[in-house]
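# A closer look at the structure
Spelled out from the first residue to the last, the chains are:
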Amino acid sequence: MEKIFLKTDLGKSLENYDFPGLKRTLNMTPQQVISKIKESGLRGRGGAGFPTGIKWETVYNIQDEEKFVICNADEGEPGTFKDRFLMENLSFKVLEGIIISAYATGSKYGYIYIRGEYVKSIKIMRNAIEKLYEKNILGKNILNSDFSFDLKLVRGAGAYVCGDETSLINSIEGERGKSRIKPPLPVFEGLFGKPTVVNNVETLAAAAEIMKYEDNIYSEMGTERSRGTKLISISGDVNKPGVYEVEFGELSVKEIINELAGGVKGSGLGFVIPGGISTEVLTEEEIDVPYTYENLQKIGSNVGSGGMIVVSKDRNYLEIAKNVSDFFRDETCGTCFPCREGNKNINKIVTDIYRRGYPTSKEIEIISDIKGAVSSAARCGFGESSLNLILSLFDKFYNKKVTV
């Protein structure tokens, strides 16, 4: 069954929400807030899984009059819609997390960058920001404290690559959305060259919920390396698609599909994409695995964005591989030559495979080689992960069948 933590205040409105996490935060020092987030074990929920408290502490320790916080709401990973769920149902908790992050890091200004296609989310968040200014929860001397913070909403233009934090920063600055060379990391030189924390929507909402309680109950949930809960958006061939909250380690991928999402439709399970199309597929024999970062990594996949897509045996797997390849060919920003040309060449190979109806062992070998080159040379996670699904699909379902 679901573990309700982040969804605790589902059903409340901004008008009857009391911002308990923010009120508790304003009675603590920034160091105490950072310590609590570090102790909670909260990791970034956008896909990378970096410890949130360490990111906040790094920016806090930098002496600079101007620092920024950015909420990354450019949720473009196919199959992922849990951030949209939070913005449309718990907008106040997302904003509370942004303000808490700003207080902890010493930032006076912030942005929330929302995917352009999320028209409803943008409308809700824009209205919520206006109301928070009216309620003195944004602006000068928030809740009569010494802390002031201003927040601006930016609508993205629909580029997948802007889910990468440096591409997103370029976009806010008015530049083309393309990745930057790292180092320097954004925590040192981010927006307008200033120290910048970029956190995902779910990460910030979880931080607000963590700060609500005197005890650190988040640290008591999950496993040692996967603390707390995770929102999973399940879609594809399941009977009850939706957004579900699970405690790490308490359910297997199989139980999530069968018990929460109502089981597989059609002729049975083909494979599962556990965390968006940047993650490796899992076969039916692999899904009886606890849902944690460490257990999924142990079998060669990842929690990723939490966008779980279930595919039945009735689907054409090669058509899915072509769709994924089309997506990455079209969405690469083109800055890194191996990513741009690699995904273009992979797309030609995958299109040939789709038309023929099977891959050859030589084609799988070439795709593997190109994956190595793209992963090694890419600046951002796009290039590092763009071939994970395709190669794992060919490896698990076709590699043993072809010897050409």
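As the structure is a computational prediction, the values presented were derived from the model and not from experiment. Within any chain, residue numbers begin from 1 and follow the written order of that chain's sequence. It should be noted that, the model being predicted, local features are given only for residues of pLDDT at least 70 and side-chain atom pairs only at 80 or more, the latter also being counted only at that level, while totals for whole chains, interfaces and linings use all residues. Hydrogens and water are ignored here; the side-chain numbers use all heavy atoms of the structure.

## Looking at the pattern of salt bridges
- Basic side-chain nitrogens of Lys or Arg form a salt bridge, by our definition, when they fall within 4 Å of a carboxyl oxygen of Asp or Glu. What the rule picks out here adds up to 26 salt bridges.
- Several salt bridges share partner residues, and in doing so they unite Asp 9, Lys 12, Lys 93, Glu 209 and Lys 212 into one network.

## Some details on the packing of aromatic side chains
- Whether two aromatic rings pair depends on their centres lying within 6.5 Å, for rings of Phe, Tyr and Trp, where Trp uses its six-membered ring; planes under 30 degrees apart make the pair stacked, over 60 edge-to-face, and the rest tilted. Taken as a whole and judged by the stated rule, the model has 20 aromatic pairs.
- For the ring pair Phe 5 and Tyr 218, a centre distance of 5.3 Å and an interplane angle of 50° mean the geometry is tilted. In this pair, Phe 5 sits in the segment before helix 1 (20-26) while Tyr 218 sits in the loop between helix 8 (201-212) and strand 5 (229-236), placing the two residues 213 residues apart along the sequence. Pair check on accessibility: Phe 5 and Tyr 218 agree, each one buried.
- A centroid spacing of 5.3 Å and a plane angle of 35° characterise the contact between Phe 248 and Tyr 293, whose relative ring orientation is tilted. With Phe 248 in the loop between strand 6 (242-247) and helix 9 (253-260) and Tyr 293 in helix 10 (residues 293-298), this pair connects stretches of sequence that are 45 residues apart. Across the pair, Tyr 293 and Phe 248 agree in class, each one buried.
- One aromatic cluster in this structure is built from Phe 68, Tyr 109, Tyr 111 and Phe 192.
- Above the face of the Tyr 293 ring, Arg 43 is positioned so that its terminal group lies 3.9 Å from the ring centre. Under the scheme used here, helices are H or I runs from DSSP no shorter than 4 residues and strands are E runs no shorter than 2 residues, and both carry numbers assigned from the N terminus. Throughout, exposure labels follow a simple rule: accessible area from a 1.4 Å probe, protein chains only, divided by the maximum for the residue type, with under 20% read as buried, over 50% as exposed, and the rest as partly exposed. Cation placement over rings: the criterion is NZ of Lys or CZ of Arg within 6 Å of the ring centroid and within 35° of the ring normal.

## Some words on the sheet that holds strand 7 (residues 269-273)
- DSSP-based pairing: two strands are paired if at least 2 bridges between them are found. Taken together, the five strands give an open sheet; going across it, the order is 6-5-9-7-8, and neighbouring strands pair in mixed fashion. Either end of the sheet is taken by a strand with one partner, and the two such strands are strand 6 and strand 8 (282-283).
- In the sheet, strand 5 pairs with strand 6 via six bridges, with the strands oriented antiparallel. Following the sheet pairing, Ser 233 is matched in strand 6 by Val 243.
- Sheet strands in contact with helix 15 (residues 388-397) are strand 7 and strand 8, and its direction is about 150° off that of strand 7. Whether two residues are in contact is decided by their heavy atoms, any of which lying within 4.5 Å being enough. Between N-to-C directions, angles cover 0 to 180 degrees, with each direction set by a line fitted to C-alpha atoms, over the stretch in contact for helices.

## A short note on the environment of Arg 176
- Tracing the backbone through its elements, the reader meets Arg 176 in the loop between helix 7 (165-172) and strand 4 (196-200).
- When the C-alpha positions of Arg 176 and Cys 162 are compared, they lie 9.6 Å apart, and in sequence the two are 14 residues distant.
- Residues in contact with Arg 176, not counting those within four places in the same chain, are Asn 170 and Cys 333.
- As used in this structure description, the phrase polar contact means that two N or O atoms lie within 3.5 Å; if the pair is within protein, one of them must be able to donate a hydrogen and the other to accept it, and residues adjacent in sequence are counted only when both atoms belong to side chains. Polar contacts involving the side chain of Arg 176 include one to the main-chain carbonyl oxygen of Cys 333, which spans 2.3 Å.

## Focus: helix 9
- Among all positions in helix 9, only Val 253, Ile 256, Ile 257 and Leu 260 are buried. Taken down its axis, helix 9 places every buried residue within 115° of arc, on the same side.
- Close packing links the buried residues of helix 9 with strand 5, strand 6, strand 7, strand 8, helix 10 and strand 9 (307-312).
- Remark: Gly 262 follows helix 9 within two positions and exhibits a positive phi of approximately 75°. Relevant arc is that of directions from the helix axis to the C-beta atoms, nothing else.

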